[in-house]
Amino acid sequence: MIFDTHIHLNEPRLLEKIDFYLKEAKENGIDKFLCVGWDYESSKKAFELADKYDEIYAAIAIMPTEHKSFNDKNFNKLEDLLKISNKIIAIGETGLDYYREKETEIKEKQKDMFIRHIELANKYDLPVSIHCRDSIQDTFNILKTHPVKEKGVMHCYSGSLEMAKEFIKLGYKIAFGGVLTFKNSITTKQVLTSISIDDVVLETDAPYLAPMPYRGKLNEPKYIKNIAIFASHLLNMDLNVFENKIYKNSLRIFHVERNEDKN
Ligand SMILES: [Zn+2]
């Protein structure tokens, strides 16, 4: 079985055919999804999907690139969702993204947002799903100085092996998606083959970042199977053994069984 630890089923292109995509995914052995929000509206949608579908869990946040919509009112509304759902199992995606915006003022706002999300995660004993783009050192510094009690996942990890080891030391899992299958992703492959399998989880980030041979097209939930096959080959591991290990890692980091016990 496969747990997709980062997917946007709340994105309109997937949402409009969600029953079809969930059925296809199920036929490919994908039985759990962490549906991740990027602003208040998409977080609320993730929450609604988790409420409606057994196999969907939610992560909620206002992501760093959405800093314009971050304010106390929206952030308080996010927290209201936490109070009424036991299927919100993570805060995310949160973190830092300096790819398009490099102004100091915006970086400072993103850092402030990131810390507020960490405080929210700690208040509700939840792990975090970390979005980090062109900001790895600042992301690391904040996670080090503002520890998340329940740790979390480095979503779509694209940094060096050396930094991956630092995040793992802090208790984070490293998430691999479609990028792993791209021909030029040499460092990403090196990270996967150099760290312990205990620190690995998988994700699609669908509808973005489709794996080979679908690169550039709409990423579909079932394509995580392609990523799992690719990763298991790279590791010279039997696919079933690989999937079982990754599945257990995912359940553990997101406390899914603990969460189900509460119901
Ligand atoms: Zn994402």
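Everything here concerns the structure above.
Quick caveat, the model's predicted, so the values are computed rather than measured.

Each value, and the rule that gives it
Residues numbered from 1 in each chain as written. Predicted model: local features only at pLDDT ≥ 70, side-chain atom pairs only at ≥ 80, totals over all residues. Helix = DSSP H or I, 4+ residues; strand = E, 2+ residues; numbered from the N terminus. Rg over C-alpha atoms; globule rule 2.2 N^0.38 Å. Buried ≥ 20, exposed ≤ 12 C-beta atoms within 10 Å, placed from the backbone. Arc of directions from axis to C-beta. Contact = placed C-beta atoms within 7 Å. Pairing = 2+ DSSP bridges. Axes fitted to C-alpha atoms, helices over the stretch in contact; angles between N-to-C directions. Parallel < 35°, antiparallel > 145°, perpendicular 65-115°, else oblique. Nonpolar A, V, L, I, M, F, W, Y, C, P; charged D, E, K, R; others polar. Core = buried A, V, L, I, M, F, W, Y, C linked by C-beta atoms within 7 Å.

Draft legend 1. Quick peek at the overall build of the chain. Of regular secondary structure, the chain possesses 11 helices and 8 strands. Here the chain has a C-alpha radius of gyration of 17 Å; the compact-globule value for 263 residues is 18 Å, and the two agree. With the C-alpha coordinates of the chain rotated into their principal frame, the extents come out at 45 × 40 × 35 Å. Within the chain, buried positions represent 45% of all 263 residues.

Draft legend 2. Quick look at helix α2 (residues 18-27). Taken as a whole, α2 has its buried residues at Tyr21, Leu22 and Ala25. Each buried residue of α2 sits inside an arc of 100 degrees when the element is viewed along its axis, so together they form one side. Residues of α2 that are exposed and angled more than 90 degrees away from the buried face: Asp19, Phe20, Lys23 and Glu27. Tucked into the core, α2 has its buried residues touching α1 (12-15) and β2 (30-36). Downstream of α2 by one or two residues, Gly29 has phi in the positive range, about 85 degrees.

Draft legend 3. The sheet that holds strand β1 (residues 2-7), seen in detail. Strand order across the open sheet formed by 8 strands is β1-β2-β3-β4-β5-β6-β7-β8, with parallel pairing between neighbours. Both outer strands of the open sheet, β1 and β8 (200-202), are each paired with one neighbouring strand and no more. Across this sheet, the average inter-strand angle for adjacent strands is 30 degrees, counted without regard to direction. Helix α5 (residues 104-123) rests against β4 (88-97) and β5 (128-133) of the sheet, and its axis sits at about 160 degrees to β4. Running over the sheet, helix α9 (residues 224-234) touches β1, β2, β7 (173-176) and β8 and is turned about 115 degrees from β1.

Draft legend 4. Looking closely at the packing of helix α3 (residues 40-52) against helix α4 (residues 72-84). The N-to-C vectors of α3 and α4 enclose an angle of 5 degrees; their axes lie 10 Å apart at closest approach. Comparing the axis directions of α3 and α4 gives the class roughly parallel. Together, Tyr40, Ser43, Lys44 and Phe47 of α3 and Asn74, Lys77, Leu78 and Leu81 of α4 make up the contact between the two elements. Partitioned by chemical class, the residues of the contact of α3 with α4 number 4 nonpolar, 2 polar and 2 charged.

Draft legend 5. Looking closely at the nonpolar core. Counting 75 residues, the largest nonpolar core has Leu34, Cys35, Ala58, Ala59 and Phe176 as the members making the most contacts within it. Ignoring any residue separated from it by four or fewer positions in sequence, one finds Ala59 in contact with Leu34, Val36, Gly37, Ala46, Ile89, Ala90, Ile91, Gly92, Glu93 and Ser129.

Draft legend 6. Quick look at the environment of Thr193. Looking at the secondary structure, you find Thr193 in helix α8 (residues 186-194). Separated by 134 residues in sequence, Thr193 and Ala59 have C-alpha atoms that sit 28 Å apart. Apart from residues lying up to four places away in sequence, Thr193 is in contact with Leu234 and Leu235.

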